[in-house]
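Here are the chains, one letter per residue:
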Amino acid sequence: MSLIKVGGDSPYDVVVGTGVLGELPSLLSGASIVAVVHAEGLPEIARPVCHALADAGYDARPLPVPDGEAGKDVKVLADLWSAFADLGMTRTDAVVGVGGGATTDLAGFAAATWLRGVRAVLVPTTLLGMVDAAVGGKTAIDIPEGKNLVGAFHPPAGVLCDLATLVTVPRADYVSGLAEVIKAGFIADPGILELVEDDPEAAGRPDGPHTLELAERAIAVKARVVSADLRESGLREILNYGHTLGHAIEKAESYRFRHGDAVAIGMVYAAELSCLAGRLDAGVVARHREILTAVGLPTSYPAEAWPGLRDAMRIDKKARGSRLRFVVLDALASPGRLEDPAEDLLERAYERVAR
């Protein structure tokens with residue numbers, strides 16, 4: 001078990017290891033009612049969480065929500081608020097989110113908005129949730145116009161990443177989560193890339209020899225960034241590498257496309273964009289494709305999709321007015337920003353990822 005500290009005005013620990021759920025009761029001291037918001041497909045994990053809390057004297061109430069992005073919906077959120085009211089939850093009570101990144105996003109936002117903010121503890125059960133969604137205090141839901149457009153910054157009281165839960169994650173979902181790990185390697189920690197390159201097949205399995213180190217390194221990257229910039233006023237934007245096109249792809253696919261798969265394509269696009277702008281060496285672009293392909297992640301998307309994707313990118317959290325902003329690389333582990341790129345540059349970069 002290891003502890004990775006996230007600093008800021010409301011510091012907390014991310015606990016990474018096997019069997020770390022035993023730490024949960026200690027993070028809820030002072031609460032009476034604990035709403036356990038969990039993906040409905042994970043009753044085998046939610047039940048022991050509720051039992052552990054009940055044994056510690058808490059009134060734990062399971063609240064199942066739809067799996068995946070289907071749960072990040074205004075109607076689902078409103079149902080949670082009604083459930084909190086029915087339970088009589090007060091400001092000293094707490095929410096525990098159990099599931100993938102979408103579930104912890106939803107649970108965190110429900111906690112952030114109930115009575116203007118109650119305590120949240122997050123128990124991510126996917127690699128994507130552990131290394132990205134559950135760390136950093138961002139909470140959100142989706143609306144038809146785009147992903148994560150309605151949200152709040154609400155740091156959790158703690159995050160428990162039990163690697164034992166990854167064993168049941170389907171391989172395609174696990175590999176999708178690996179995209180966010182690889183992203184951390186490109187923007188800040190090239191050691192991650194070397195570990196993946198050492199044995200790409202093993203990197204795509206939860207029982208691989210480097211699983212713990214890959215998770216710890218990726219979480220540490222995010223912890224360092226969000227500790228310095230919780231509200232994305234500057235530095236934190238680098239964590240959105242690959243996300244501008246990635247989110248557009250997810251919207252075009254009605255959120256049925258895996259987030260990590262979309263980010264993988266988005267990273268290749270951002271790398272090509274930076275290369276065409278004269279800022280990134282072609283060898284680093286090629287390394288994107290080689291690593292992502294080696295672990296089984298996509299690096300291209302249909303050519304005819306471009307007009308719809310370009311429209312979707314107009315509504316992006318990084319945009320400033322009508323000016324589109326991309327996180328790009330100037331070199332390995334040297335992220336920067338590309339402001340308001342010309343339309344022909346955007347199109348030429350997409351031609352390089354189109355199939």
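Small disclaimer: the values here were computed from a predicted structure and weren't measured.

The rules behind each value
- Residues numbered from 1 in each chain as written.
- Predicted model: local features only at pLDDT ≥ 70, side-chain atom pairs only at ≥ 80, totals over all residues.
- Heavy atoms only, no water.
- 1 Å grid on protein atoms, 1.4 Å probe; cavity = no way out; pocket = protein on both sides within 12 Å on 5 of 7 lines; lining within 4 Å.
- Points joined across faces, edges and corners; volume = space filled by probe spheres on them.
- Nonpolar A, V, L, I, M, F, W, Y, C, P; charged D, E, K, R; others polar.
- Core = buried A, V, L, I, M, F, W, Y, C linked by side-chain atoms within 4.5 Å.
- Buried < 20%, exposed > 50% of the residue type's maximum accessible area, 1.4 Å probe, protein only.
- Helix = DSSP H or I, 4+ residues; strand = E, 2+ residues; numbered from the N terminus.
- Phe/Tyr/Trp six-rings, centres within 6.5 Å; stacked < 30°, edge-to-face > 60°.
- Pairing = 2+ DSSP bridges.
- Patch = residues over 30% accessible without salt bridge, like charges linked within 9 Å, V, L, I, M, F, W, Y side chains within 5 Å.
- Areas by Shrake-Rupley, 256 points an atom, 1.4 Å probe, with all protein chains shown as cover.
- Salt bridge = Lys/Arg side-chain N within 4 Å of Asp/Glu carboxyl O.
- Axes fitted to C-alpha atoms, helices over the stretch in contact; angles between N-to-C directions.
- Parallel < 35°, antiparallel > 145°, perpendicular 65-115°, else oblique.
- Left-handed = near helix turned anticlockwise from the far one by under 90°.
- Contact = heavy atoms within 4.5 Å.
- Polar contact = N/O pair within 3.5 Å; in protein donor to acceptor, adjacent residues only side chain to side chain.

Asker: Where do I start with empty space enclosed by the protein in this structure?
Answerer: Rolling a probe over the atoms, with the probe sized like a water molecule, indicates the empty space that remains. If you walk through the whole model with that rule in mind, you get six cavities of 30 Å³ or more. One number sums up the size of the second largest cavity: a volume of about 70 Å³. What lines the second largest cavity is simply V6, G7, G8, D9, S10, Y12, G136, P155, V226, S227 and L230. Taken together, the residues of the lining of the second largest cavity break down into five nonpolar, five polar and one charged.

Asker: Explanation requested: the nonpolar core in the structure shown.
Answerer: Nonpolar side chains in soluble globular proteins tend to end up buried together. Counting residues in hydrophobic clusters, the biggest one holds 79 residues, and the most contacted among them are V14, I182, Y241, Y269 and F326. In terms of residue count, the dominant contributor to this core is helix α10 (residues 259–276) (12 residues). The next biggest cluster of nonpolar side chains, apart from the first, holds 22 residues, and it includes I33, V37, L63 and V65.

Asker: Hey, could you run me through the packing of aromatic side chains in this one?
Answerer: To describe a pair of aromatic rings, you give the distance between the ring centres and the angle between the ring planes. By the definition in use, this model includes six aromatic pairs. Pairing Y269 with F326 gives two aromatic rings, centres 5.9 Å apart and planes at 55°, and the pair type is tilted. Residue Y269 is found in helix α10, and its partner F326 is found in strand β10 (residues 325–331); the two are separated by 57 residues along the sequence. Taken as a pair, Y269 and F326 share a single burial class, namely buried. Here a set of aromatic residues connected by ring pairs shows up, and it is made of Y269, W306, F326 and Y350.

Asker: What is the right way to look at the pairing of strand β11 (residues 334–339) in this model?
Answerer: Consecutive side chains along a regular strand alternate between the two faces of the sheet. Looking at chain direction, β10 and β11 are connected through six bridges and run antiparallel. When the bridges of β11 are listed, V328 appears paired with G336. Hairpin connection between β10 and β11: a loop of two residues separates the two successive antiparallel strands, and A333 in this loop has a positive phi of roughly 60°.

Asker: I would appreciate a short explanation of a nonpolar patch on the surface in the present structure.
Answerer: A cluster of nonpolar side chains, contributed by L149, V150 and I315, occupies part of the molecular surface with about 210 Å² of accessible area. Position of L149 relative to the elements: it lies in strand β8 (residues 146–153).

Asker: Please explain the packing of helix α5 (residues 171–187) against helix α11 (residues 282–295) as it appears in this structure.
Answerer: Where α5 meets α11, the axes come as close as 10 Å, and the angle between the chain directions of the two elements is 155°. One way to sum up the angle between α5 and α11 is to call them roughly antiparallel. Along this stretch, α5 crosses α11, giving a crossing that reads as right-handed. From α5, V175, L178, I182 and F186 reach across to α11, where they touch V284, R287, H288, I291, L292 and V295. Residue composition of the contact of α5 with α11, by class: eight nonpolar, one polar and one charged.

Asker: How should the environment of K147 be read in this particular structure?
Answerer: Looking at where K147 falls in the secondary structure, it is placed in strand β8. Sequence separation between K147 and R256 is 109 residues; the distance between their C-alpha atoms is 12 Å. At 2.6 Å, the side chain of K147 and the side chain of E250 are in polar contact.

Asker: Even after reading the chapter, I still don't get the pattern of salt bridges, so can you show me in this structure?
Answerer: Should their charged atoms come close, side chains of opposite charge can pair. Going through the model one piece at a time under the given rule, you end up with 27 salt bridges. Of the charged contacts, one joins D207 and R205 as a salt bridge, the two residues approaching to 2.8 Å between their closest N and O atoms. A residue is classified by how much of its surface remains accessible, and D207, at 58% relative accessible area, is exposed. The salt bridge involving R279 is made with D330; its shortest N-O contact spans 2.7 Å. Within this pair, whereas R279 is found in the loop between α10 and α11, its partner D330 is found in strand β10, the two being separated by 51 residues in sequence. Judged by its relative accessible area of 26%, R279 is partly exposed. A single salt-bridge network, built from bridges that share partners, covers E69, K72, D105, D142, K147 and E250.

Asker: Looking at this structure, how should I read the sheet that holds strand β1 (residues 2–6)?
Answerer: Backbone hydrogen bonds are what pair the strands of a sheet, in a parallel or an antiparallel way. Strand order in the open sheet made by the seven strands is β1-β2-β9-β6-β5-β3-β4, with mixed pairing throughout. What marks the edges here is a single partner per strand, and that holds for β1 and β4 (59–65). The mean angle between the axes of side-by-side strands here comes to 20°, regardless of whether they run parallel or antiparallel. As judged from the five bridges shared by strand β3 (residues 33–39) and strand β5 (residues 94–99), these two strands associate in the parallel manner. From the neighbouring strand, V37 faces β5, where its bridge partner is G97. Lying on the sheet, helix α2 (residues 74–87) is in contact with β3, β4 and β5; it crosses β4 at an angle near 160°.

This is a description of form; function is not addressed.
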